[in-house]
Amino acid sequence: MEGGSKLWIEKFRPKTFNDVKGHDAIVERLKGFVKQQNIPHLLFTGPAGVGKTSLILVVAREFFGENWRQNFLELNASDDRGIDVVRNTIKDFARTKAIGNVPFKIIYLDECDSLTTEAQQALRRTMENYTDSTRFCLSCNYSSKIIDPIQSRCAIFRFKQLNKDAITEIINIVADNEGLKIDEEAINSLYEISNGDVRRVQNILQSCASANKNINKKLIYEIVSVAEPKEVINFLNLAMAGDFLAARKKMLDIMLKHGLSGVDLVKQIQKEIWNLGVNDAKKVEFIEKCGEAEFRIVEGSDEFIQLESLLASFVKNAPSR
Amino acid sequence: MLLVDKYKPKTLKEVYGQDYATSEFKKAVLNKNHVFLHGSNGNGKTSSVYALARDMGYEIFELNASDYRNKEEIKNILGSVIKQRSLFNTNKLILIDEIDGLSGSKDRGGLQEIPALLDESIYPIVLIANDPWNSKFNGIRKKCKLIEFKKLENLAIVNILKNICLKEGIKYGEIDLKILAAKVKGDLRAAINDLEILARDGQLSNVNLLEPRQTKEDILLLLKLILKGKNLALINEAMLNTDITLDELTLWLDENMPKEYSNDELEKAYHYLAKSDVFKGRIIKRQYWRFLTYQNTLMGCGVASSKKELSKKFVSYKRSERILSIWISNMRKSKRNAVISTFLPNLHMSNKKFVNELSYMKNIFMNKKVLESLDIKDEESKYLLT
């Protein structure tokens with residue numbers, strides 16, 4: 001398959017400011033920084049897949065040219081969280097001078113939501129001590145997870161969810177390059193399913209394209225339904241039918257298969273409760289129980305016990321009895 | 001009623017195998033001497049005091065480890081008792097049990113207060129401890145008559161157990177009682193408790209169950225107590241004496257509860273088990289070990305009391321396989337992550353995000369060319385696809 005050997009999420013990642021879709025105001029300000037050859041520390045906040053990482057990569061390219069990788073350190077706080085990373089990796093990188101004719105290096109810290117408070121506290125000093133040689137760009141989904149002292153040291157950029165026009169534009173660029181045929185209805189469903197997450201759009205598109213270059217709504221939903229199996233509603237229905245043992249088995253399977261934490265699963269259960277065939281009063285009752293279970297998971301030690309307790313209370317309160 | 005309570009000696013004569021000690025004890029009390037009873041656990045020290053009091057119509061004032069026993073408390077509680085005449089002019093006996101336990105921050109000064117009490121009291125004071133030769137008792141020993149309660153012989157224990165079995169209509173094998181007696185090392189109370197646990201349904205079940213290395217059997221016994229019965233006192237006792245860890249018990253209960261309970265009962269039982277786990281979490285976070293009581297009680301008594309009626313159905317208990325499945329899945333995960341980590345740096349996203357995205361990318365990774373370009377080998381790709 002032509003051009004099929006690369007992941008599209010990389011292939012179609014914007015290389016220049018002009019490639020970036022949406023976020024016009026943010027792009028303008030960043031362009032200004034590049035022009036002045038200086039930037040403050042940055043804090044990018046916004047939902048997943050709108051282009052936060054892509055944009056900082058563009059900035060790095062614009063600043064450092066071809067050698068951008070030498071002056072750019074990317075860390076994922078959700079993989080390398082904890083204070084040691086801040087104390088070792090980040091400090092080591094920040095300590096040395098930038099290579100080539102540039103005033104500073106950039107450290108990009110992705111998914112800072114999951115950075116522990118201690119690590120953030122440690123980061124705060126580091127950011128000040130190395131301003132001569134290094135600029136930080138932090139990215140997160142919610143700025144409220146970032147401690148105030150860090151927020152006050154950064155220029156904050158709030159990324160909004162991409163609107164339908166921007167998504168359509170991106171889909172069309174991919175379609176033109178890859179020789180796909182995609183109709184209006186399919187674009188609409190892609191937009192709905194992805195919630196404006198471009199990474200998801202491109203992955204679904206590439207998955208569809210491996211099956212068929214003519215992409216329609218049906219194909220998209222086939223791919224998505226494999227990716228988003230109705231497993232949670234399945235075991236909830238088992239619980240509603242009063243079969244605790246079967247529901248429990250299914251629940252453990254799901255957790256292990258998808259590597260879900262207890263809190264992850266409670267979140268999904270709580271969403272799916274709205275789709276259960278019970279009356280509204282029961283739904284509210286169940287959601288209250290979810291809240292209690294989530295609290296207990298946070299407070300307790302064995303999340304599976306807590307989930308089973310939730311399940312047992314669903315079985316007890318199931319309308320079939 | 002627990003067997004230990006039922007067969008507690010009512011009179012001094014019934015205190016088994018301590019004839020010399022009890023007669024000395026009685027003499028001393030009649031002479032209004034203070035007494036220091038000592039000896040190992042469960043051979044009748046405290047029982048003798050109560051038996052004697054009953055025999056001679058004495059009133060008992062007891063201060064044991066469950067009370068605060070610092071200087072002030074002891075003064076407040078006993079200070080007046082030792083001087084006042086009793087309401088009906090009866091004699092009094094003052095019992096301070098478990099004085100080995102009198103130390104630490106909460107009982108500060110308590111021990112120093114005792115010699116003064118001994119001097120002032122017009123009533124005999126009985127002190128009880130395991131080891132009277134501890135140096136902290138130096139000021140106390142010389143003011144009291146020391147009476148040792150000897151460790152009970154195995155044979156004596158066997159005889160007592162036999163007697164109880166006969167009265168309770170429990171069928172027993174001689175050898176089983178001997179093993180049981182040997183195991184408790186002279187502790188009669190422990191022996192009777194063990195007997196109670198083993199003697200379900202009028203039959204002494206396999207005594208080897210009590211051997212600590214047979215934890216599998218041990219846990220089945222405990223599970224039965226909790227899931228089939230409602231004798232909370234017994235469950236508490238058993239949970240105190242067992243070598244099984246609470247974590248292990250949690251797993252067993254978790255696996256087997258749904259087989260015994262259903263609906264309301266199951267919900268309630270899980271509620272208690274979950275609450276018990278919350279207390280465990282709190283212990284871990286705050287290192288506040290007093291919560292252990294709640295973890296313990298909610299797990300044992302909470303689960304047991306969730307049933308409406310005693311269950312008679314036959315259930316074979318199984319060990320939970322949850323830990324194993326989690327382990328297997330973790331192995332898979334770590335292999336998958338190893339594969340991912342080879343190309344992840346080029347994708348500018350975290351492992352977590354990529355794994356999230358992976359289910360949308362299955363079709364992409366079935367494409368050989370994509371795998372090649374990312375340098376993923378065929379046998380590695382299966383970890384991405386499952």
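Above this note sits the structure.
Residues numbered from 1 in each chain as written. Chains lettered and ligands numbered in written order. Predicted model: local features only at pLDDT ≥ 70, side-chain atom pairs only at ≥ 80, totals over all residues. Heavy atoms only, no water.

A. Structural view of the overall build of chain B. Looking only at helices and strands, one finds 19 helices and seven strands in chain B. Pairs at least 24 apart in sequence give 73% of the contacts found in chain B among residues at least 6 apart. About 19700 Å² of surface is accessible on chain B, with carbon and sulfur atoms providing 52% of the total. (Helix = DSSP H or I, 4+ residues; strand = E, 2+ residues; numbered from the N terminus. Contact = heavy atoms within 4.5 Å. Areas by Shrake-Rupley, 256 points an atom, 1.4 Å probe, with all protein chains shown as cover.)

B. Representation of the interface of chain B and chain A in the model. Contacts between the two partners involve 48 residues from chain B, matched on the other side by 54 residues from chain A. By the criterion of area lost to chain A, the three top residues of chain B are B:E267, B:H348 and B:Y360, representing 18% of everything that side buries. Seen at the junction of chain B and chain A, the total is eight salt bridges. In this structure, A:E111 and B:K353 form a salt bridge, with 3.7 Å as the shortest nitrogen-oxygen distance. Summed over the shared surface of chain B and chain A, the number is 23 residue pairs in polar contact (both at pLDDT 80 or more). Of all the elements, helix α13 (residues 263-286) of chain B adds the most residues to the side of chain B that touches chain A, at 17 residues. (Buried area = accessible area lost by both parts, 1.4 Å probe. Salt bridge = Lys/Arg side-chain N within 4 Å of Asp/Glu carboxyl O. Polar contact = N/O pair within 3.5 Å; in protein donor to acceptor, adjacent residues only side chain to side chain.)

C. Just the sheet that holds strand β2 (residues 72-76) of chain A, in detail. Residue and element names in this part refer to chain A. Taken together, five strands build an open sheet; the order of strands is β2-β3-β4-β1-β5 and the sheet is parallel. Two strands lie at the open edges of the sheet, namely β2 and β5 (154-158), each paired on one side alone. Neighbour-to-neighbour, the strand axes of this sheet turn through a mean angle of 15°, independent of strand direction. Against the sheet, helix α5 (residues 117-129) makes contact with β1 (41-45), β3 (105-110), β4 (134-140) and β5, and its axis sits at roughly 145° relative to β4, the strand it touches most. (Pairing = 2+ DSSP bridges. Axes fitted to C-alpha atoms, helices over the stretch in contact; angles between N-to-C directions.)

D. Region of the structure containing the packing of helix α7 (residues 164-178) of chain A against helix α8 (residues 184-194) of chain A. All names here are of chain A. One can describe the packing of α7 onto α8 by two numbers: an axis separation of 10 Å at closest approach and a directional angle of 120°. Between α7 and α8, the interaxial angle falls into the category oblique. Helix-helix and strand crossings are classified by hand; for α7 and α8 the assignment is right-handed. Contacts from K164, I167, T168, I171 and N172 in α7 reach I187, N188, L190 and Y191 in α8. (Parallel < 35°, antiparallel > 145°, perpendicular 65-115°, else oblique. Left-handed = near helix turned anticlockwise from the far one by under 90°.)

E. Examining the packing of aromatic side chains more closely. Throughout the structure, instances matching the rule amount to 18 aromatic pairs over all chains. An angle of 40° between the planes, with centres 5.4 Å apart, marks the rings of A:F244 and B:Y270 as tilted. Placement of the pair is A:F244 in helix α12 (residues 244-258) and B:Y270 in helix α13, with the two residues belonging to separate chains. Taking relative accessible area as the criterion, A:F244 reaches 5% and is therefore assigned buried. The exposure class assigned to B:Y270 is buried, which follows from its relative accessible area of 0%. Among the aromatic side chains, those forming a connected cluster through ring pairs are A:F33, A:F44, A:F157 and A:F159. If you follow A:K105 out to its NZ or CZ, it ends over the ring of A:F93, 4.1 Å from the centre. Taking the ring centre of B:F279 as reference, the NZ or CZ of B:R282 above it sits at 5.1 Å. (Phe/Tyr/Trp six-rings, centres within 6.5 Å; stacked < 30°, edge-to-face > 60°. Buried < 20%, exposed > 50% of the residue type's maximum accessible area, 1.4 Å probe, protein only. Lys NZ or Arg CZ within 6 Å of the ring centre and 35° of its normal.)

F. Representation of the side chain of A:S189 within the structure. All names here are of chain A. Along the chain, S189 falls in helix α8. Residue classification places S189 among the buried positions, given a relative accessible area of 4%. Of the polar contacts made by the side chain of S189, one reaches the backbone oxygen of E185; its length is 2.8 Å. Discounting residues that sit within four places of it in the chain, S189 has contacts with K217 and Y221.

G. The arrangement of the pairing of strand β3 (residues 92-96) of chain B in detail. Residue and element names in this part refer to chain B. Burial of β3 is extensive: five of the five residues sit out of reach of the surface. In β3, alternate side chains face the same way, and those of K92, I94 and I96 on one face and L93 and L95 on the other are all buried. In this structure, β3 lies alongside strand β4 (residues 125-129), joined through three bridges in parallel fashion. Bridge pairing in β4 links I96 to L127.

H. Unusual backbone geometry, seen in detail. Positive phi outside glycine occurs at A:N195, with the angle close to 55°. Along the chain, the position of A:N195 falls in the loop between α8 and α9 (198-211). What makes A:N195 exposed here is its relative accessible area of 53%. Backbone geometry at B:Q287 places phi at a positive 55°, although glycine is not the residue there. Secondary-structure assignment places B:Q287 in the loop between α13 and α14 (292-305). A residue is classified by how much of its surface remains accessible, and B:Q287, at 51% relative accessible area, is exposed.

I. The arrangement of the state of the cysteines in detail. Residues and elements named next belong to chain A. Evaluation of the coordinates by the stated rule reveals zero disulfides over all chains. Left without a disulfide partner, C112 is nearest to the cysteine sulfur of C140, which lies 6.4 Å away. Since its relative accessible area comes to 0%, C112 is described here as buried. (Disulfide = S-S within 2.5 Å.)

J. A look at a nonpolar patch on the surface. A cluster of nonpolar residues, B:L324, B:W327, B:I328 and B:M331, forms a patch on the protein surface that exposes about 410 Å² of accessible area. Among the secondary structure elements, B:L324 is positioned in helix α15 (residues 322-343). (Patch = residues over 30% accessible without salt bridge, like charges linked within 9 Å, V, L, I, M, F, W, Y side chains within 5 Å.)

K. Geometry of the environment of A:S144. All names here are of chain A. Mapped onto the fold, S144 is located in the loop between β4 and α6 (148-153). The exposure class assigned to S144 is exposed, which follows from its relative accessible area of 66%. With 99 residues separating them in the primary sequence, S144 and T45 have C-alpha atoms 9.6 Å apart.

L. View of the nonpolar core. Judged by nonpolar contacts, the single largest core of 85 residues is most densely connected at A:L265, A:I269, A:F314, B:L249 and B:L253. The element best represented in this core is helix α15 (residues 303-317) of chain A, accounting for eight residues. In this view, A:I269 contacts A:V232, A:F235, A:L236, A:C290, A:L307, A:L310 and A:F314; residues no more than four positions away in its chain are not counted. By size, the runner-up hydrophobic cluster in this structure holds 57 residues, among which are A:L42, A:F157, A:A166 and A:A175. (Core = buried A, V, L, I, M, F, W, Y, C linked by side-chain atoms within 4.5 Å.)

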